[in-house]
Amino acid sequence: MAASTKVVRLTTLALFSPSPSGPRPTKPRARATPPISISMDPALVDPAHLQALMLACAHSCALRLSPVAPAEPVDLGKLRTALAHSFVVVSVFCGARFLAGAGGGGEEGEGDEQRFLGLGLDLGLGRQGERQLVGFGRAVSDVGLTASIHDVVVHPSLQRRGIGRKIVDKITRVLHSRGIYDISALCTEKERPFFEDCGFGDDMMGSTTMLYTRNVQMLYTRNVHK
């Protein structure tokens, strides 16, 4: 994430505010979605595969702490801890043969896969018929009043097929069933249209998200280079 990238806070509370008048712009039709399965069992998520998926999507928490930091794998230990302490975890799986063909098939698709993953990591694209982790999202909550959605990612070859929206819809349904309606999402301006399509909007109180930065970059750099 570049230093000039703005991180905004969106919330589902905006659903209850008046909508602006006028026709909404026409959105391109999503491509067909291959057969997928959706799970809410954190035990089915292999942290190493999630690490690779995040890297494939250029999704790194390190970029918020140090904008000049190169894309790097999320620390596996911290990833396991985050999974264990998340209130809702949603994972999406797809057969390896569908994932291999989603990028156009053949050697070109395989080349795209290697380019996305980098650093010698892979998503375990092995035997045909194996289920692969292709989508993920989670929420943290105080289990009473508020919740926030984090780490919504979909494999690049399967994006714009409605998978990300399924993930967010699943998370919000679970939170609403627990009586939690103050649900926020951290996103960049590039990700904002996606979350708006999922029902999020500007906080009615005009809130914004601020990141504690005092000495954080120095401490982060020191820890990752121990």
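As a convention, each chain's residues are numbered from 1 in the sequence order in which they are written. Local features are withheld for residues below a pLDDT of 70 in this predicted model, meaning they are given only at 70 or higher, and side-chain atom pairs are given and counted only at 80 or more; totals for whole chains, interfaces and linings count all residues. Heavy atoms throughout the structure, all of them, feed into the side-chain values; hydrogens and water do not.

Per an unreviewed UniProt entry, the chain goes by N-acetyltransferase domain-containing protein and derives from Digitaria exilis.

Remarks on the nonpolar core
How we decide: Throughout, nonpolar core names a set of buried Ala, Val, Leu, Ile, Met, Phe, Trp, Tyr and Cys residues whose side chains join them through atoms within 4.5 Å. When accessible area is computed with a 1.4 Å probe and restricted to protein chains, residues below 20% of their type maximum are described as buried, those above 50% as exposed, and intermediate ones as partly exposed. Under the scheme used here, helices are H or I runs from DSSP no shorter than 4 residues and strands are E runs no shorter than 2 residues, and both carry numbers assigned from the N terminus. The contact criterion used throughout is that any non-hydrogen atoms of two residues lie within 4.5 Å.
The biggest cluster of nonpolar side chains holds 25 residues, and the ones touching the most others in it are Ile149, Ile171, Leu175 and Phe200. Elements represented by at least two residues in this core include exactly strand E3 (88-95), strand E4 (131-141), strand E5 (146-154), helix H6 (163-177) and strand E6 (182-188). No other element matches the six residues that H6 contributes to this core. Not counting residues within four places of it along the chain, the set of residues in contact with Ile149 comprises Arg138, Ala139, Val168, Ile171, Thr172, Ile183, Ser184, Ala185, Leu186 and Phe200. In this structure, Val74, Leu133, Phe136 and Val153 belong to the second largest nonpolar core, which totals 12 residues.

Notes on the pairing of E5
The criterion, for reference: The pairing criterion for strands is at least two bridges between them, as found by DSSP. Crossovers are marked right-handed if the path from the first strand over the helix to the second runs clockwise, as seen with the strands pointing away from the viewer.
Sheet topology places E4 next to E5; six bridges connect them, and they run antiparallel. Among the inter-strand pairings, Gly135 is bridged to a residue of E5, identified as Val154. Between the parallel elements E5 and E6, the chain passes through H6 in a crossover that is right-handed.

Regarding the pairing of E3
In terms of burial, E3 is largely enclosed, as eight of its eight residues are buried. Across the two faces of E3 the burial is the same, with Val88, Val90, Val92 and Cys94 and Val89, Ser91, Phe93 and Gly95 all buried. For strand E2 (residues 36-39) and E3, the ladder comprises four bridges, and the chain directions are antiparallel. Within E3, the residue paired with Ser39 across the bridge is Ser91. As defined by bridge partners, E3 adjoins E4 across eight bridges and the pair is classed as antiparallel. From the neighbouring strand, Val90 faces E4, where its bridge partner is Gly137.

Points about helix H1 (residues 47-56)
Put simply, the rule is: Any pair of nitrogen or oxygen atoms within 3.5 Å is treated as a polar contact; in protein, a donor-acceptor pairing is required on top of that, and neighbouring residues in sequence qualify only through side-chain atoms on both sides.
Of all 10 residues in H1, eight are buried, a share of seventy percent or more. Along H1, the residues that are buried comprise Pro47, Leu50, Gln51, Ala52, Leu53, Met54, Leu55 and Ala56. The backbone nitrogen of Ala48 lies 2.8 Å from a side-chain oxygen of the residue at the head of H1, namely Asp46. Immediately downstream of H1, the backbone of Ala58 shows phi near 55°, a positive value.

Let's talk about the packing of H1 against helix H3 (residues 76-85)
Basically, it comes down to this: An axis is simply a line fitted to the C-alpha atoms; with a helix, the fit covers only the stretch in contact. Between two such axes, the angle follows the N-to-C directions and lies from 0 to 180 degrees. By definition in this entry, angles of less than 35 degrees are roughly parallel, angles greater than 145 are roughly antiparallel, angles of 65 to 115 are roughly perpendicular, and the rest are oblique. Three categories are distinguished: nonpolar for Ala, Val, Leu, Ile, Met, Phe, Trp, Tyr, Cys and Pro, charged for Asp, Glu, Lys and Arg, and polar for the others, with Gly belonging to the last.
The geometry of H1 relative to H3 is characterised by a closest axis approach of 10 Å and an angle of 105° between their N-to-C directions. As judged from the angle between their axes, H1 and H3 are roughly perpendicular. Residues Pro47, Ala48, Leu50, Gln51 and Met54 of H1 touch H3, and the partners they reach there are Leu76, Leu79, Arg80 and Leu83. Taken together, the residues that form the contact of H1 with H3 break down as seven nonpolar, one polar and one charged.

Some points on the pattern of salt bridges
Using the following cut-off: Each salt bridge in this description consists of a side-chain nitrogen of Lys or Arg and a carboxyl oxygen of Asp or Glu lying within 4 Å of one another.
What the rule picks out here adds up to three salt bridges. Notably, a salt bridge pairs Arg138 with Asp151, separated by 2.7 Å at the nearest N-O pair. With Arg138 in strand E4 and Asp151 in strand E5, this pair connects stretches of sequence that are 13 residues apart. Here the salt bridges do not stand alone but share partners, grouping Arg192, Glu196 and Asp202 into one network.

What about the packing of aromatic side chains?
Convention followed: Each Phe, Tyr or Trp ring (for Trp, its six-membered ring) is paired with any other whose centre lies within 6.5 Å, and the angle between the two planes then decides the class: stacked below 30 degrees, edge-to-face above 60, tilted in between. As a reminder, the over-ring test applies to NZ of lysine and CZ of arginine, requiring each to be within 6 Å of the ring centre and within 35 degrees of the ring normal.
Evaluation of the coordinates by the stated rule reveals two aromatic pairs. Aromatic side chains Phe194 and Phe195 sit 5.0 Å apart centroid to centroid with 75° between the ring planes, which places their arrangement in the edge-to-face category. The class for Phe194 is partly exposed, based on a relative accessible area of 29%. Judged by centre distance (5.7 Å) and plane angle (85°), the ring pair of Phe195 and Phe200 falls under edge-to-face. Just as Phe195 is buried, Phe200 falls in that class too. Connected via pairs of aromatic rings, a cluster forms that spans Phe194, Phe195 and Phe200. Sitting over the face of the ring of Phe93, Arg131 holds its NZ or CZ atom 4.5 Å from the ring centroid.

A look at unusual backbone geometry
A positive phi angle, close to 55°, is found at Ala58, a residue other than glycine. Checked against the element boundaries, Ala58 lands in the loop between H1 and helix H2 (62-65). Judged by its relative accessible area of 55%, Ala58 is exposed.

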